[in-house]
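Results of the structural survey
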Amino acid sequence: MPAEPTLTVEIILIGDPVAHSRSPAMHNAALAALGIAARYRAVQTSAAELPQRIADLRRAEFLGANVTLPHKQAVIALLDEIEPIAARIGAVNTIIRQPDGRLLGTNTDAPGLLADLAAAAWSPAGQTVVILGASGAARAAAFALADAGVAALTIVNRHLMRAVDVAAAVAAEQPALRVRALALADPAVADAVAECTLLMNATALGWHDGETPLPDPPVGAHCLVYDMVYRETTLLREAAMRGAHVRDGRGMLVEQGALAFERWTGHPAPRDVMWQAAFGVEHRQ
């Protein structure tokens, strides 16, 4: 009898858009380095396609998935279980298929961000933070930084009620923390940014040249400007011109990816290999 075909073991990235992602190169290099017979690929997925995409993950050939914009919140209702960190944040970026086909959701964005800030020798304790955006990534950043001891947190978004939702969720768990929400058009944003010691872009604005969530931010040498977009952005260039310290999202991408890799495979992630594959260097220069 002919041998049955061998299943191709897969991990996928679910999002819209996904063509720009460095995750396939990063994870495929890590899988190859450890001799794991699996592949990672990006799968463009609209909101209408999301339920079927998640249902497909229950098949035996899948180890799990990453989830990126705009699905990190919508995916929760489609999973069997989510870990406490993801439940608190209200966003999932990593799905692990269990041996019985059940799907477990977690969030590696939050610990990945804190790991990269630690690598930058930046301590959250007592800091004043402004986060631009109210996406799943913004929620992860807000909870991570609140848990790490920042003194004040402002969520800024084009649509005020989305910022209010994030701020209220954090404030409910951290009643002693000074938390507020502002619409991007509010004049108070300029003062909040001028006073903050960390300005974080958690929007997708920055993938294309000339895009920025906040033109010419009023920051200075007292401030770290962190952009989750993993390239030099207009926001970072303009902040640097004002004397601020700047950091892009490359380290967060690698750290959150490494944590997810370890959950899917059970092996320590080869971070230097992942850096090299994603960015052409073994680690941040």
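Quick notes on the rules
- Residues numbered from 1 in each chain as written.
- Predicted model: local features only at pLDDT ≥ 70, side-chain atom pairs only at ≥ 80, totals over all residues.
- Heavy atoms only, no water.
- Helix = DSSP H or I, 4+ residues; strand = E, 2+ residues; numbered from the N terminus.
- Rg over C-alpha atoms; globule rule 2.2 N^0.38 Å.
- Buried < 20%, exposed > 50% of the residue type's maximum accessible area, 1.4 Å probe, protein only.
- Contact = heavy atoms within 4.5 Å.
- Areas by Shrake-Rupley, 256 points an atom, 1.4 Å probe, with all protein chains shown as cover.
- Lys, Arg positive; Asp, Glu negative; His and termini not counted.
- Charge placed at Lys NZ, Arg CZ, Asp CG, Glu CD.
- Pairing = 2+ DSSP bridges.
- Axes fitted to C-alpha atoms, helices over the stretch in contact; angles between N-to-C directions.
- Parallel < 35°, antiparallel > 145°, perpendicular 65-115°, else oblique.
- Left-handed = near helix turned anticlockwise from the far one by under 90°.
- pLDDT = per-residue confidence, 0-100.

Our focus in this paragraph is the overall build of the protein. When its secondary structure is counted, the protein shows 10 helices and 12 strands. Its C-alpha atoms give the protein a radius of gyration of 19 Å, within 12% of the compact-globule value 19 Å for 285 residues. Once the C-alpha set of the protein is aligned to its principal axes, its extents read approximately 75 × 40 × 30 Å. Residues classed as buried in the protein amount to 52% of the 285 residues present. Considering only contacts within the protein whose residues lie at least 6 apart along the sequence, 63% involve residues at least 24 apart. As presented, the protein carries roughly 12300 Å² of accessible surface, and 56% of it is formed by carbon and sulfur atoms. Computed over 23 positive and 29 negative side-chain charges, the inter-centroid distance for the protein is 1 Å.

For the rest of this paragraph, the subject is unusual backbone geometry. Note the cis peptide between Asp 16 and Pro 17, where omega equals 10 degrees. Looking at the secondary structure, you find Pro 17 in the loop between strand 1 (10-15) and helix 1 (23-33). Of note, the bond from Leu 69 into Pro 70 is cis; its omega dihedral lies within 30 degrees of zero at 0 degrees. With respect to the element layout, Pro 70 can be found in the loop between strand 3 (62-67) and strand 4 (81-82). The backbone phi angle of Ala 121 is positive, close to 60 degrees, even though this residue is not glycine. Tracing the sequence through the fold places Ala 121 in the loop between helix 4 (109-119) and strand 7 (128-132).

With that settled, the discussion passes to the environment of Ala 278. Here Ala 278 shows up in helix 10 (residues 271-279). The exposure class of Ala 278 is buried, given its relative accessible area of 7%.

Spatial ordering of the open sheet is given by 2-1-3-5-6-4, a layout of six strands whose pairing is mixed. Every interior strand has two partners, whereas the edge strands, strand 2 (39-44) and strand 4, have only one. Judged from the five bridges that link them, strand 1 and strand 3 form a sheet pairing that is parallel. Note that in strand 3 the partner of Leu 13 across the bridge is Asn 66. Packing of helix 1 onto the sheet brings it into contact with strand 1, strand 2 and strand 3, and relative to strand 2 it is tilted by some 165 degrees.

Another point: the packing of helix 4 against helix 5 (residues 136-147). Contact geometry for helix 4 and helix 5: axes closest at 8 Å, N-to-C directions at 60 degrees. Comparing the axis directions of helix 4 and helix 5 gives the class oblique. Of the two elements, helix 4 crosses helix 5, and the hand of that crossing is right-handed. Of the residues in helix 5, those in contact with Asp 109, Ala 110, Leu 113, Leu 114 and Leu 117 of helix 4 are Ala 137, Ala 140, Ala 141, Ala 144 and Leu 145.

So, on to the confidence of the model for the protein. Here the protein averages 95 in pLDDT, and 97% of its residues register 70 or above. Contacts for the low-pLDDT stretch residues 1-5, under 50 throughout, to residues beyond four places or in other chains number zero contacts.

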